[in-house]
Structures are given as C-alpha cells and as structure tokens.
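Chain and residue survey
Listed here are the chains, written in short residue letters.
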Amino acid sequence: MARDQGIISWKELPLGCAILEPGNAKDLRTGDWRSKRPVTDYEKCIKCGMCYIYCPDMCYIPKDDGLFEWNEYYCKGCGICAHECPKDAITMVEEEK
Amino acid sequence: MARRVGIEVSIAVSEAVKLADVDLIAAYPITPQTHIVEHLSELVADGELDAEFVPVESEHSAMSSCIGSSAAGARTYTATSSQGLALMLEVCYIASSLRLPIVMTIVDRSLSGPLSIWNDHSDLMMERDIGWIQIVALNGQEIFDMTLHSFKIAEDHNVMLPTQVHMDGFTLSHVIEPIEILDKAEVDKFLKPYVSPMSLDPEKPVTIGAVGVPEVYTEGRKAQEEALLNSKDVILRTWKEFGDLFGRYYEPIGTYKADDAEIIFITMGSITETCMSAVDQMRQDGKKVGIAYIRLWRPFPFDELIEAVTKADALVVIDRAISHGGPGGPLASEIKSALYHQAQRPFVNSFIAGLGGRDITINVFKEMVEKTEKTMKKGVEPGYEFIGVKE
C-alpha cells in the first residue's frame, strides 16, 4: 500500500490551497537543503560584513561585538559568503550525515 | 416582465451579463472576439452597466485580470474563443485551482491550422481537463439562461469554481433568434449579489497561489476534484430553481424522442436542433431514432447518460473535435467509458463531423444512421470515421 505522504488532509485544506497564516514561510526549514556549510574563522574575520550583505537568505546576523552569527535553520549552503569574503575567513565544509 | 425579442445571440449574452450586474469584465477586443464584449464595452461606456471594463493586451492578461478581480471578491466575467482561449489556457488552470468563480462565455470555434475561424468543438475539448464547470447551450435562449445560472452556480460557497458556458460560433453567436429577456426584478429574485468567502483583505491577510510541494499538491488536486464532482448537486438545484421561477427547466442530458428509440444520436450544441429535424423525418419513414444531447460536459453526468441510452440498440456519437492519435472523438471516448461497466450496452458508432465550420445537414444524420445499421449487421463495432471527408 502506498504510504500517505501528505502533510494535511485534503478535507482540511483551505479554499484554493490558500495559506491563512501570514508569513508562515519563516517556518520552512530550508537549512536541510544544504550539502555544505560555511564555517567562519573568527581569527581572520575583519567584521567587514560582506557575508551579511551578500547572503541571499539573510542568514548572517550582526552581533554587538561586530562579528556575524550564522543561522543554520535557513542557510542553503550556496557558498556566496565564502566566495565574497575578502579575507578567505569562510570555508565551505561538507555536511556530515 | 420578461420580453420576447428578436436579438443577436451574442448581444443577448451581453444583456444577461448586464442583468447579472457584474463588477468587472476583462477582455482582449480583437478576432476571435465576438459582439459579446464589444456590446458590454458599450454598455459600460454608456453608463448602463456600472462595471470596470479592462481592455487588456492579450487573452493571457484577460484571464490574469479576471483572477485578480475575482480574488478581490468582485463578480467577474470574460468571453473568448478558439486561439484566444488557447493563449488563455495557462491561466485558466490557475483560476480553477484557486477556486475563483469567474464566468466565461466561450464561442466555440476550431483551432488552427489550417487557419480557421469557423465553428467546431476543438476549443471546448481543449478545456476539458482544466477543472472548470463546462455547460453547453443548444440555442440562444439556453445561452441567455445559462449565463445567469453560471454566476449562481460558480459563486455558491459549496462550489467556488470557474464556469464556462459554451455556444457554437456563428451558427449561434452571429444569428438573430427570438429570446425571452428577463427583466432586472426577475433576475434579482434568482441571482443575489456575490459574497466572497475569502476575498483579499488587508485586515485578514492570506497567501493565494503559493507553491504546492509534493506533500501538498496531491491533496490540493483531490480537493479540487471533489469540489467539481460536488458541484453537480448545486447545478441541478440551480436549474430546478430557475425552472420553478421562469418555467424553463434544464437537465444535464436532454432527450428527444429517445424513450422508444432503437438508435440514439449523441450530440452537443446547436447541431442538436438540426438533428431533431432529421429525427422527425426518419420517424416518418418508420425508423425509431432519437437524441440524447449533452448539456453538462464537466462534471460529466454519467448516471443520467446511462439512464438515457442503455435501452437503445445503437448510439451514433457525433464528435466535432478529434483527439489526434487517440481513440477518435473525445465525446465517443467518454460515452464508451461511461458504458464500460454496463452488462448490456448499445453498439457505439463514432463519427467525426462538422469540423471547421462544415455543415452537418439532415442528410448527413440520415447517412450516419444508414452506416450504423450496416455495421450493426456485421456485428463488429467499427472505430471512428470522418464522415463526408473527400478521399
């Protein structure tokens, strides 16, 4: 028998598959699309904020000390931050299963 | 009081749309358009109809505008035909999956090529699987009535599906017929203003048209299918209510002299009335023939069809379109599948006729019956035949 793969019963779907809760895309964990993760070497980081500016998913959050914290929930592992970092402080590391 | 007038059928459709008091009409005003939207644009410009008329840059944009309008909670209408409908097709799927009760008149015409502007059902069949309700008119009075029915059916909260009303290009759209035009007070008794169950409202934001990941898409389609199947009850109820008010009753499968018929024609649209004349002549010659004609094409009325035709010895199914490389005519294909589970079923003879504006005369109907009688004697059900094709 085919396994039920739906996340909601068709009887409970709102009319026309509308989404009734505003902004619920924030719940979607896009981080599990990732095959590589960016790892920042804070010894090399000059707090320039290029990773923060270039990240298409706004996965770097500025902290009070001027460094940037990475958000693993949304990061898809595109590698743009590593490519743009002027000090090569960010390395893309294979995700382990 | 209703008044019976001689009127071009396209203009009568515009009058019905005006009586339905639509809020928005979006249309692309060039061939293959008809007088329907031309007349509606005049009614709006003259202040006779308080609605927005949006003259868009293509049919694709026409349906897109209709979607926006309907989502905002407005009663929405458009009309088109053949190639225009083909251009609109991509967006038509969106209208049904978003469950927006847009009403569209389709003046049925062939699809190119060869380039043709004449009548057949190629465009009707192109729309078969897109999840809209599809209703087919026999004559001018029916298309006028069905236009009013459609708003009520589509906007019913148990339906919420876009609805197409089909009429044959030229043979209906461009002829003058005597039609009983209801007055505003009569229509208001039947058709109430549209109340949207979920319109776009900044106070209650919703997201429509979002992505359906594999974990949701199947459920979305199932919900849409159930809605279309369930719409039949509302369609029957609406037709009954209209009949009780105005005396004109409609049913999904109409019949003509079919009760004792040995051979029954299966038809759709305006050829049915020519077929009635052919049946009358053949009855005089002692042939027991009749007609079952399809008014409701989607959702398909399987039970009513079986009820109407299973007692006959043979069916002569007339398709005005072809499913290339497939089982022949889409109507014949549907009829055969409807009868598959019957222990005893009639012999089915399938003809492709009346493509691209070719006339189907009384003699053509007679020829179909003669051919069917011959093939029945052989006892082997033939495939389909292009009747009258020059070899």
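Here the structure is a predicted model, which means the values were calculated and not measured.

About the cut-offs
Residues numbered from 1 in each chain as written. Chains lettered and ligands numbered in written order. Predicted model: local features only at pLDDT ≥ 70, side-chain atom pairs only at ≥ 80, totals over all residues. Heavy atoms only, no water. Patch = residues over 30% accessible without salt bridge, like charges linked within 9 Å, V, L, I, M, F, W, Y side chains within 5 Å. Areas by Shrake-Rupley, 256 points an atom, 1.4 Å probe, with all protein chains shown as cover. Salt bridge = Lys/Arg side-chain N within 4 Å of Asp/Glu carboxyl O. Lys, Arg positive; Asp, Glu negative; His and termini not counted. Charge placed at Lys NZ, Arg CZ, Asp CG, Glu CD. Helix = DSSP H or I, 4+ residues; strand = E, 2+ residues; numbered from the N terminus. Buried < 20%, exposed > 50% of the residue type's maximum accessible area, 1.4 Å probe, protein only. Domains from an automatic or database assignment. Contact = heavy atoms within 4.5 Å. Buried area = accessible area lost by both parts, 1.4 Å probe. Nonpolar A, V, L, I, M, F, W, Y, C, P; charged D, E, K, R; others polar. Pairing = 2+ DSSP bridges. Axes fitted to C-alpha atoms, helices over the stretch in contact; angles between N-to-C directions. Phe/Tyr/Trp six-rings, centres within 6.5 Å; stacked < 30°, edge-to-face > 60°. Lys NZ or Arg CZ within 6 Å of the ring centre and 35° of its normal. Expected span 1.5 Å × (residues − 1). Bend = angle between axes of the 7 residues up to and from the residue.

Here's the deal with a negative patch on the surface
Residues and elements named next belong to chain B.
- Among the surface-exposed residues, Asp21, Asp23, Asp50 and Glu52 lie close enough to one another that they form a single negatively charged patch.
- Position of Asp50 among the secondary structure elements: in the loop between α2 (35-45) and β3 (52-55).
- Taking the relative accessible area as the measure of exposure, Asp50 reaches 71% and is therefore exposed.

A few points about the domain arrangement of chain B
Residue and element names in this part refer to chain B.
- With domains assigned, chain B is organised as domain 1 (3-246) and domain 2 (255-386).
- The C-alpha-based centres of domain 1 and domain 2 are spaced at 28 Å.
- Contacts between the two partners involve 31 residues from domain 1, matched on the other side by 23 residues from domain 2.
- Buried surface at the junction of domain 1 and domain 2, both sides included, amounts to about 2200 Å², of which 60% is carbon and sulfur.
- Counting across the interface, domain 1 meets domain 2 through 3 salt bridges.
- Glu142 is paired through a salt bridge with Arg295; the nearest N and O atoms lie 2.8 Å apart.
- For the side of domain 1 that touches domain 2, the elements supplying multiple residues, two or more each, are α5 (122-126), β6 (133-136), α6 (140-155) and α8 (214-246).
- Residue contributions to the side of domain 1 that touches domain 2 peak at 7 residues, all from α8.
- Split by residue class, the side of domain 1 that touches domain 2 holds 16 nonpolar, 9 polar and 6 charged.

A word on the sheet that holds strand β15 (residues 384-386) of chain B
Residue and element names in this part refer to chain B.
- Read across the sheet, 6 strands follow the order β9-β11-β10-β13-β14-β15 without closing on themselves; strand pairing throughout is mixed. Taken across any chain shown, the strands that pair with only one partner, and hence form the sheet edges, are β9 (253-256) and β15. Averaged over all neighbouring strand pairs, the angle between strand axes comes to 25 degrees, with direction disregarded.
- Summarising the sheet, strand β10 (residues 263-267) and strand β11 (residues 289-294) pair through 5 bridges and their orientation is parallel. Counted as the bridge partner of Ile266 is Ala292 from β11.
- Contacting β10, β11, β13 (314-319) and β14 (347-352), helix α11 (residues 330-339) runs over the sheet at an angle of about 145 degrees to β13.
- The strands touched by helix α12 (residues 362-378) are β10, β11, β13, β14 and β15; relative to β14, the strand with the most contacts, the crossing angle is about 140 degrees.

Considering the pattern of salt bridges
Residues and elements named next belong to chain A.
- As enumerated under the stated definition, the model contains 26 salt bridges over all chains in all.
- Between Asp57 and Lys76 there is a salt bridge, and its shortest N-O distance comes to 3.3 Å. Here Asp57, found in the loop between α1 (50-54) and β2 (60-62), pairs with Lys76, found in the loop between β3 (68-70) and α2 (80-84); they are 19 residues apart in sequence, far enough to count as distant.
- In this structure Asp57 comes out as partly exposed when scored by relative accessible area, which is 29%.
- Several salt bridges converge on common partners, so that one network encompasses Arg29, Arg34, Arg37, Glu72 and Glu95.

So, the packing of aromatic side chains
All names here are of chain B.
- The full count for this structure, using the stated rule, is 10 aromatic pairs over all chains.
- On the basis of an interplanar angle of 50 degrees and a centroid distance of 6.3 Å, the ring pair of Trp239 and Tyr250 is categorised as tilted. Of this pair, Trp239 sits in helix α8 while Tyr250 sits in the loop between α8 and β9, and the two are 11 residues apart along the sequence.
- When its relative accessible area of 0% is taken as the criterion, Trp239 is described as buried.
- Aromatic ring contacts, followed pair by pair, group Phe190, Phe242 and Phe246 into a single cluster.
- If you follow Lys152 out to its NZ or CZ, it ends over the ring of Phe190, 5.0 Å from the centre.
- Directly above the ring of Trp297 sits Arg298, whose terminal nitrogen or CZ lies 4.8 Å from the centroid.

Observations concerning the sheet that holds strand β12 (residues 296-298) of chain B
Residue and element names in this part refer to chain B.
- With mixed pairing, 7 strands are arranged side by side in an open sheet as β3-β2-β4-β5-β7-β6-β12. This sheet does not close on itself; its edge strands, each paired only once, are β3 and β12. The average undirected angle you get between the axes of adjacent strands in this sheet is 20 degrees.
- Where strand β4 (residues 76-80) meets strand β5 (residues 103-108), 4 bridges bridge the pair, whose relative direction is parallel. Bridge assignment links Ala79 to a residue of β5, and that residue is Thr105.
- Of the strands in this sheet, β2 (24-27), β4 and β5 touch helix α3 (residues 59-71), which is tilted by about 165 degrees from β4.

Details of α8 of chain B
Residues and elements named next belong to chain B.
- Taking 1.5 Å of rise per residue, the 33 residues of α8 would be expected to cover 48 Å, and the 48 Å separating its terminal C-alpha atoms lies within 8% of that figure.
- Taken as a whole, α8 carries its principal kink of about 25 degrees at Lys232.
- Two residues or fewer past α8, Gly247 is found with a positive phi of approximately 85 degrees.

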